[in-house]
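In case you want the letters, here they are:
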Amino acid sequence: MIEKAMNYARNLFAGDSSGHDMDHTLRVFRMASRIAREEKADLHIVQLAALLHDVDDRKLSPKTYENKDNAVTFLRENGADEDDIRKIVEIIGQISFSAGNGAPTTLEGKCVQDADRLDAIGAIGISRAFAFGGSRGRRIHDPEGGDKASSIAHFYDKLLLLKDLMNTSTGKKLALRRHAFMEDFLEQFYGEWDGER
Ligand code: ADP
Ligand code: NI
């Protein structure tokens, strides 16, 4: 089942450059699995939710976003338990930052949300922010600060807020290190921008 979900996501994401690529999904899968083991969550639910968490993303698949049709159809066609389907769909609906949700209601959802958020910070998160900005033709930085859509502005809109939004103790611990790395990065970035470093 896990392998089928991997193949399903890989097919769906082929060709996407918005940051919702298969590499992201596999990193979330690995991190969510690790967190689930440390937090003693239901690994099967966590792994399936991680692999399917972006298959009905609002930007990527606006038509299926509302009812998570891609995830539900995949799970039904592959004989998943109806109770598991309900749990997985609930998790997918609860984890997005842009959806403005609070914390997920289940331990499994908390594991997947932490893994997804960890992938938005640290060295990987920095890389994704500039890759996303580049895909939209945005500036890397606007020193006058008027341009709310620069990739550096995104650090203040979202990335630097994530460490305080982690759910699990494993997630919190990892987020601290990734957060410190982003702060170092920004300090060096501004120094280089001004010709001081
Ligand atoms: P989520 O799955 O939480 O809704 P998004 O779809 O908003 O995440 O973002 C996907 C990736 O693109 C993340 O790494 C995020 O930080 C990055 N990203 C989103 N919006 C911007 C932006 N305006 N500038 C730079 N990076 C962005
Ligand atoms: Ni994601």
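Small disclaimer: the values here were computed from a predicted structure and weren't measured.

Running from amino to carboxyl end, helix α3 (residues 43-52) crosses helix α7 (residues 107-118) at an angle of 40°, the nearest separation of the two axes being 9 Å. When the interaxial angle is binned, α3 and α7 end up oblique. In this structure, α3 meets α7 at a crossing whose hand is right-handed. Side by side, α3 and α7 meet where Ile45, Val46, Ala49 and Ala50 of the first sit next to Glu108, Cys111 and Val112 of the second. Of the residues belonging to the contact of α3 with α7, the class tally is 6 nonpolar, no polar and 1 charged.

Within the secondary structure layout, arginine 34 lies in helix α2 (residues 22-39). Residue classification places arginine 34 among the partly exposed residues on the basis of a relative accessible area of 35%. Here the alpha-carbon distance between arginine 34 and threonine 170, two residues 136 residues apart in the chain, equals 8.9 Å.

This brings us to the pattern of salt bridges. A side chain with one charge may pair with a side chain of the opposite charge, provided their charged atoms come close. Evaluated as defined, the whole model comprises 9 salt bridges. Of the charged contacts, one joins lysine 87 and aspartate 83 as a salt bridge, the two residues approaching to 4.0 Å between their closest N and O atoms. One end of the pair, lysine 87, and the other, aspartate 83, are both in helix α6 (residues 82-95), 4 residues apart, so they sit about a helical turn from each other. Given the relative accessible area of 32%, lysine 87 is considered partly exposed.

Attention now moves to the side chain of aspartate 56. Structurally, aspartate 56 is set in the loop between α3 and α4 (62-65). Despite its burial, aspartate 56 pairs with no opposite charge, the nearest such side chain being lysine 68 at 6.3 Å. Looking at aspartate 56, its side chain comes within polar contact range of the main-chain nitrogen of asparagine 70, at 2.9 Å.

Summarising the metal site, the nickel ion (ligand 2) is bound by the protein donors His24 (NE2), His53 (NE2), Asp54 (OD) and Asp116 (OD), whose distances to it range over 2.1 to 2.6 Å. Taken together, the 4 donor atoms surrounding the nickel ion (ligand 2) define angles of 80 to 171° at the centre, an arrangement classified as irregular. Donor residues binding the nickel ion (ligand 2) come from one chain and are separated in sequence as H-x28-H-D-x61-D. Each member of the pair, histidine 53 as well as aspartate 54, carries the same accessibility label: buried.

Scoring rules and cut-offs
Residues numbered from 1 in each chain as written. Chains lettered and ligands numbered in written order. Predicted model: local features only at pLDDT ≥ 70, side-chain atom pairs only at ≥ 80, totals over all residues. Heavy atoms only, no water. Axes fitted to C-alpha atoms, helices over the stretch in contact; angles between N-to-C directions. Helix = DSSP H or I, 4+ residues; strand = E, 2+ residues; numbered from the N terminus. Parallel < 35°, antiparallel > 145°, perpendicular 65-115°, else oblique. Left-handed = near helix turned anticlockwise from the far one by under 90°. Contact = heavy atoms within 4.5 Å. Nonpolar A, V, L, I, M, F, W, Y, C, P; charged D, E, K, R; others polar. Buried < 20%, exposed > 50% of the residue type's maximum accessible area, 1.4 Å probe, protein only. Salt bridge = Lys/Arg side-chain N within 4 Å of Asp/Glu carboxyl O. Lys, Arg positive; Asp, Glu negative; His and termini not counted. Polar contact = N/O pair within 3.5 Å; in protein donor to acceptor, adjacent residues only side chain to side chain. Donors = N, O, S within 2.8 Å, 3.2 Å for Na, K, Ca; no water. Tetrahedral: all angles 85-135°; square planar, octahedral: opposite > 155°, others 65-115°.

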